[in-house]
Amino acid sequence: MKAKEYLSRPHYMEIRVKQMQAEIAEYKRLASSIPGCSFDRILVDGTRQNDAPFVKWIYKAIDREKQMNELINKLPFVKGETISVIDEIENSDYKMVLLYKYIDWLSWSEIASKMYYSTATIRRWHDKAITLIKVSIKNEQV
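How each quantity is defined
- Residues numbered from 1 in each chain as written.
- Predicted model: local features only at pLDDT ≥ 70, side-chain atom pairs only at ≥ 80, totals over all residues.
- Heavy atoms only, no water.
- Helix = DSSP H or I, 4+ residues; strand = E, 2+ residues; numbered from the N terminus.
- Expected span 1.5 Å × (residues − 1).
- Buried < 20%, exposed > 50% of the residue type's maximum accessible area, 1.4 Å probe, protein only.
- Salt bridge = Lys/Arg side-chain N within 4 Å of Asp/Glu carboxyl O.
- Axes fitted to C-alpha atoms, helices over the stretch in contact; angles between N-to-C directions.
- Parallel < 35°, antiparallel > 145°, perpendicular 65-115°, else oblique.
- Left-handed = near helix turned anticlockwise from the far one by under 90°.
- Nonpolar A, V, L, I, M, F, W, Y, C, P; charged D, E, K, R; others polar.
- Phe/Tyr/Trp six-rings, centres within 6.5 Å; stacked < 30°, edge-to-face > 60°.
- Core = buried A, V, L, I, M, F, W, Y, C linked by side-chain atoms within 4.5 Å.
- Contact = heavy atoms within 4.5 Å.

**Overview of helix α2 (residues 55-87)**
1) Next: With 33 residues, α2 extends 48 Å between its outermost C-alpha atoms, agreeing within 8% with the 48 Å of an ideal straight helix rising 1.5 Å per residue.
2) Next: Along α2, the residues that are buried comprise V55, W57, A61, R64, M68, L71, L75, V78, T82, V85 and I86.

**Concerning the pattern of salt bridges**
Any two side chains of opposite charge can pair, on the condition that their charged atoms come close.
1) Next: Considering all chains together, one arrives at 7 salt bridges under this definition.
2) Next: A salt bridge links E23 to R16; the shortest N-O distance between them is 3.7 Å.
3) Next: Residue E23 is classed as partly exposed on the basis of its relative accessible area, which comes to 24%.
4) Next: We note a salt bridge from E65 to K28, for which the minimum N-O separation is 3.0 Å. With a gap of 37 residues between them, E65 in helix α2 and K28 in helix α1 (residues 3-32) connect regions that are remote in the sequence.
5) Next: A network of salt bridges, in which partner residues are shared, links R16, E23 and R64.

**Re the packing of α1 against α2**
1) Next: Two numbers describe how α1 lies on α2: the axes approach to 9 Å, and their chain directions differ by 165°. Taken together, the axis directions place α1 and α2 in an arrangement best described as roughly antiparallel. Along this stretch, α1 crosses α2, giving a crossing that reads as left-handed.
2) Next: Partitioning the contact of α1 with α2 into residue classes produces 20 nonpolar, 3 polar and 11 charged.

**Notes on the packing of aromatic side chains**
1) Next: Using the criterion set out here, one finds 5 aromatic pairs in the structure.
2) Next: Centroid distance Y27 to W57: 5.8 Å. Interplanar angle 25°. Geometry classified as stacked. Placement of Y27 in helix α1 and of W57 in helix α2 is noted, with a sequence separation of 30 residues between them. Taken individually, Y27 and W57 each receive the classification buried, so the pair is uniform in this respect.
3) Next: Ring centres 4.6 Å apart and planes at 65° place the aromatic pair Y117 and W125 in the edge-to-face group.

**Focus: the nonpolar core**
1) Next: Ranked by internal contacts, the top residues of the largest apolar core, which has 22 residues, are L7, L98, I111, M115, I122 and I133.
2) Next: Secondary structure elements with two or more residues in this core: α1, α2, α3 (92-103), α4 (108-115) and α5 (119-132).
3) Next: Dropping the residues within four chain positions of it, I122 is found in contact with V97, W108, I111, A112, M115 and Y117.

**Details of unusual backbone geometry**
In most cases, non-glycine residues show a negative phi, while peptide bonds are predominantly trans.
1) Next: Positive phi, close to 55°, is recorded for W105, a residue that is not glycine.
2) Next: Summarising the element assignment, W105 is placed in the loop between α3 and α4.
3) Next: A residue is classified by how much of its surface remains accessible, and W105, at 32% relative accessible area, is partly exposed.
4) Next: Of note in this structure, Y116 is not a glycine but carries a positive phi near 60°.
5) Next: Judged by relative accessible area, Y116 falls into the exposed class, the value being 74%.

**Focus: α5**
1) Next: For α5, built from 14 residues, the straight-helix expectation of 20 Å at 1.5 Å per residue is met to within 8% by its first-to-last C-alpha distance of 20 Å.
2) Next: Within the span of α5, buried status applies to T121, I122, W125, H126, A129 and I130.

In structure tokens, the structure reads:
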């Protein structure tokens, strides 16, 4: 894992949590809806399902909520690790650029306006700061 990927982990975890929330909302919507008749299926004598059609969506929602809660509980630790790695850089301008970019997830122009420097300077500092990042990374999936 490269330094940029490592620093971007908290942001992508937050995106994944939002995706999971959307999936859970969809599962709950499907669980509360009434399925219609399906006349295009071929009926086969076999084992009949005794569960209501909405039960599978409830189980999926419960499983996804469990996964989402695990991810939410892990997020502060990942964010803390990222901040501690950034904090090891001695140059305070480089630190601020990385914090704004990877913790606050601001655009280059927003960072430049907050720090009162040009966008080119901010990008140059970012590139220098990335080379200073020393990450002993475990191969960890986001």
